[in-house]
Every structure is written in C-alpha cells, then in structure tokens.
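What follows is each chain in one-letter form.
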Number of protein chains: 2
Amino acid sequence: MITGHVFIAISLDGFVARKRGDLDWLTKQPTDGEDHGYDAFMASVDGLVMGRVSFQAVLTFGQWPYEKPVVVMSHTLSQDDVPPEIRDRVTVTRLGPAEVMKMLDGQGWRRVYVDGGKVVQSFLRNGLIEEMTLTRIPVLIGEGLPLFGALDHDVDCEHLDTRTFPSGLVTSRYRILNAPG
Amino acid sequence: MITGHVFIAISLDGFVARKRGDLDWLTKQPTDGEDHGYDAFMASVDGLVMGRVSFQAVLTFGQWPYEKPVVVMSHTLSQDDVPPEIRDRVTVTRLGPAEVMKMLDGQGWRRVYVDGGKVVQSFLRNGLIEEMTLTRIPVLIGEGLPLFGALDHDVDCEHLDTRTFPSGLVTSRYRILNAPG
C-alpha cells in the first residue's frame with residue numbers, strides 16, 4: 001500500500017513559513033554539523049508531492065535540490081511552468097490527494113514525501129498520512145503559513161520517538177492512528 | 001524581579017482547548033503514574049494569573065484545585081462573580097499584563113504561573129514571560145483556542161530540555177531570549 005510521510009520543520013507556534021513563504025527564521029538556526037535525519041528520510045521515499053507555494057519557494061533556491069521525482073499539485077500551474085531542465089523530474093497535476101496517490105501507486109511508488117502546509121492538511125483530511133516527523137524550531141514567529149488546519153474529527157497519533165539537538169531543535173516522530181476520511 | 005512562567009498542555013496542532021474550552025482530548029490521555037512535573041512547577045510559583053475562560057473552566061471542575069492565590073484578568077467579571085468559599089484566594093482584576101505584574105511584585109511575588117491562551121499571548125507580547133514548559137499531546141484536534149497568537153516581532157527561545165513519556169506526551173522547556181515590548 002502506498003503511504004504518505006511528512007518531514008517538516010515548524011516554528012514553536014506551528015508555522016512552516018512566513019505568510020509569503022519566507023524561511024529566514026528557519027535558515028538562521030545554528031544547526032551546523034547536526035544530522036536531523038533528512039538524508040535518511042529522503043532515501044526512504046520514492047518521491048515528493050508538494051503544492052504550488054512550496055514548489056515556487058524551492059525554485060527560488062537557484063539549484064533544484066531533488067533528485068527524486070516531484071509531483072506538484074496546483075490548479076493554476078501547468079507543465080509549461082516547470083523549467084525545462086527539471087521537466088523530466090517534475091510533474092504538475094490538478095488531481096486531488098486520493099487520485100494523486102492512486103496515480104503514484106500505479107507507478108510503483110510506496111512511500112511518498114508529502115510536503116508543505118496546505119498539501120499536508122489535505123492529505124491528513126483524506127487519511128493519506130501514515131507518519132509525521134516534526135522538527136520544532138525554537139522561535140515564535142507570530143503569523144505565517146500553518147502546518148495544520150481544520151479536520152473532520154480528531155486525529156490521534158502515536159509518539160514514536162523524540163530527539164533533541166544542541167541547536168535547540170526538537171524532532172518528534174508520530175504515527176497517525178485513526179486516519180480520517 | 002518578578003517573572004512569568006508558562007506550564008501548559010497543547011495539542012500537536014497548537015490548541016490549549018476546544019473552542020468552548022473542552023479538554024476531553026487532553027483528559028482522555030492514558031497518563032496514569034506519569035509525573036509531568038506539575039507539582040514541582042506549582043511549588044515553584046507564588047500564584048497564578050489566568051483569564052476568564054480558564055477561570056470559568058476551572059470552576060466547572062467542582063472542587064477548586066489551587067491552594068495558591070489566583071488572579072483572574074477579566075473585563076466582564078467582578079469580585080462578586082467569585083464563589084464565596086474561594087474569595088480569599090481569588091482576585092478579579094481589570095489591570096493589563098504589566099500592571100498586574102507590578103501589583104504582584106509589590107505583594108512580594110517572584111514567580112507567576114501564567115495560564116490560558118489569551119493571557120499567555122498578552123504576557124508574551126508584553127515581554128513578561130521568562131520560561132515556557134510546553135507539553136505536546138499526541139492528537140490533532142483541528143480547531144480550538146490557540147496557545148500562541150500575533151507578535152510584534154519574532155521571539156527567539158532557548159531549548160532547555162525535553163522529556164518524553166510512555167503515554168506519548170512530550171514536554172519541552174524553553175527560555176524566552178528576546179522578550180518583546
């Protein structure tokens with residue numbers, strides 16, 4: 001069965017980015033030399049699903065950071081909006097969460113990295129997330145793009161483990177117990 | 001110097017209660033036999049400051065749980081709204097956060113337990129919180145009363161320590177580094 005997995009950094013007050021996508025509060029953290037598990041996590045997935053906001057934020061990095069295939073969920077972008085040099089690895093789709101997962105399942109994917117606030121929310125609401133790795137950044141930014149949003153009912157989670165780092169980052173893994181939908 | 005201290009449980013999505021104050025998602029947690037540090041924390045403070053919502057929620061518990069003095073910040077309640085049997089330990093005030101702290105300082109308080117979402121937010125905005133102990137409950141409730149709110153600028157925190165419990169609760173202590181205001 002194909003499953004969705006979240007690996008994301010959030011401020012203490014629950015934001016994944018400032019309102020316009022800025023990550024300065026995150027990138028300023030003195031985390032040199034710390035292994036927060038990103039490489040191991042990335043090695044465990046078949047590819048990524050993200051939304052337009054995350055995609056456009058990543059494009060501003062200059063160099064495309066992903067070797068694995070990426071699916072961008074957007075109602076406003078098309079395949080033509082993908083820079084030619086990464087068009088073989090990036091697919092824009094207007095499918096919804098369940099349809100995207102069905103499509104990727106058909107392509108042989110088993111573990112999907114689900115990234116970005118809105119996409120994580122929609123996958124959670126559709127019961128498509130199996131596990132979340134949340135890294136709490138020791139800063140309150142007051143407002144921004146929230147990781148979590150409205151749900152049809154409570155979602156119980158099982159705490160798997162927590163690791164702390166000298167920088168102050170705290171990483172907790174949770175398994176979703178009662179996926180909604 | 002008098003300082004404010006937060007000790008509070010929050011859902012994974014950052015709420016301290018459901019919209020009408022319900023704590024069922026918290027009280028249902030199987031935490032028997034775990035010491036999350038509440039008694040030690042309570043022993044370390046001179047008393048509590050809370051808002052109307054927290055006060056009225058505590059009143060529904062039946063038995064008043066606090067031996068230490070409690071200050072209730074409210075613009076709608078008066079001292080007459082305090083049940084007679086606890087009127088010697090509960091003071092209703094319309095003062096703002098800084099004025100409340102000045103008043104308590106004059107009464108010899110040194111460490112104040114600042115409780116409830118709105119009151120914590122206003123004390124944070126006024127630079128009156130020194131330390132926060134946040135206990136993450138492994139459940140997403142979708143909506144409710146948030147612990148954190150808007151700020152004039154980022155508030156950097158220093159992670160002091162984190163403890164995990166068999167129930168899945170994760171308790172992290174943070175020192176506020178750059179109190180605003």
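One numbering rule holds for all chains: residues counted from 1, following each sequence as written. Chain labels run from A onward and ligand labels from 1 onward, assigned in the order the entries are written. Totals for whole chains, interfaces and linings use all residues, but because this is a predicted model, local features are given only for residues with pLDDT of at least 70 and pairs of side-chain atoms are given and counted only at 80 or more.

Caption draft 1: Representation of the overall build of chain A in the model. Helix numbers and strand numbers start at the N terminus; a helix is a DSSP run of H or I with at least 4 residues, a strand a run of E with at least 2. Scanning chain A from N- to C-terminus turns up five helices and 11 strands. Compactness check: chain A gives a C-alpha radius of gyration of 16 Å against a globular reference of 16 Å for 181 residues, within 12% of the reference. Exposure classes come from backbone-placed C-beta atoms, where a residue is buried if 20 or more other C-beta atoms lie within 10 Å of its own, exposed if 12 or fewer do, and partly exposed in between. Of all 181 residues assigned to chain A, the portion counted as buried reaches 38%. Contact between residues is assigned whenever the C-beta positions, reconstructed from backbone atoms, fall within 7 Å. At a minimum sequence separation of 6, the contacts of chain A that also span at least 24 residues come to 71%. Within these notes, the globule rule equals 2.2 Å times the number of residues to the 0.38 power, and the radius of gyration is based on C-alpha atoms.

Caption draft 2: Looking closely at the relation of the copies chain A and chain B. Rotating chain A by 180 degrees and translating it 0.0 Å along the rotation axis places it on chain B, where the RMSD comes to 0.0 Å. Here the transformation between the copies is reduced to the relation of a two-fold axis. For chain A, the residue whose C-alpha comes nearest the rotation axis is Gly14(A), separated from it by 3.3 Å. Interface overlap between copies is the fraction of interface residues in one copy that are interface residues in the other; for chain A against chain B it reaches 100%, indicating a shared surface. Superposition of the copies used a least-squares fit over C-alpha atoms from residues whose pLDDT is at least 70 in both.

Caption draft 3: Local environment of the sheet that holds strand β8 (residues 139-140) of chain B. Pairing in this open sheet of nine strands is mixed, and the strands run β5(A)-β4(A)-β3(A)-β6(A)-β1(A)-β7(A)-β11(A)-β10(A)-β8(B) from one edge to the other. A strand with exactly one partner marks an edge of an open sheet, and here the two such strands are β5 (90-93) of chain A together with β8 of chain B. We treat two strands as partners when DSSP finds at least two bridges between them. In this structure, strand β4 (residues 70-73) of chain A lies alongside β5(A), joined through four bridges in parallel fashion. The partner of Val70(A) across the bridge, within β5(A), is Val90(A). Packed on one face of the sheet, helix α5 (residues 117-125) of chain A meets β1 (3-11), β3 (47-51), β4, β6 (111-114), β7 (129-137) and β10 (155-164) of chain A and runs near 105 degrees to β3(A). The angle between two axes is taken between their N-to-C directions and runs from 0 to 180 degrees, where each axis is a line fitted to C-alpha atoms and a helix contributes only its stretch in contact.

Caption draft 4: Structural view of helix α5 (residues 117-125) of chain B. Three or more residues of α5(B) are buried, namely Gly117(B), Val119(B), Val120(B), Gln121(B), Phe123(B) and Leu124(B). Directly after α5(B), the chain includes Gly127(B), whose backbone phi takes a positive value near 70 degrees.

Caption draft 5: Representation of the interface of chain A and chain B in the model. Contact with chain A, which involves 25 residues of that partner, is made by 25 residues of chain B. Elements represented by at least two residues in the side of chain A that touches chain B include exactly β8 (139-140), β10 and β11 (170-176) of chain A. At seven residues, the largest contribution of residues to the side of chain A that touches chain B is made by β10(A). Classification used: nonpolar for Ala, Val, Leu, Ile, Met, Phe, Trp, Tyr, Cys and Pro, charged for Asp, Glu, Lys and Arg, polar for all others including Gly. The residue inventory of the side of chain A that touches chain B, partitioned by class, reads 13 nonpolar, seven polar and five charged. Both β10(A) and β8(B) contribute to a ladder of two bridges, which runs antiparallel. Among the inter-strand pairings, Val155(A) is bridged to a residue of β8(B), identified as Leu140(B).

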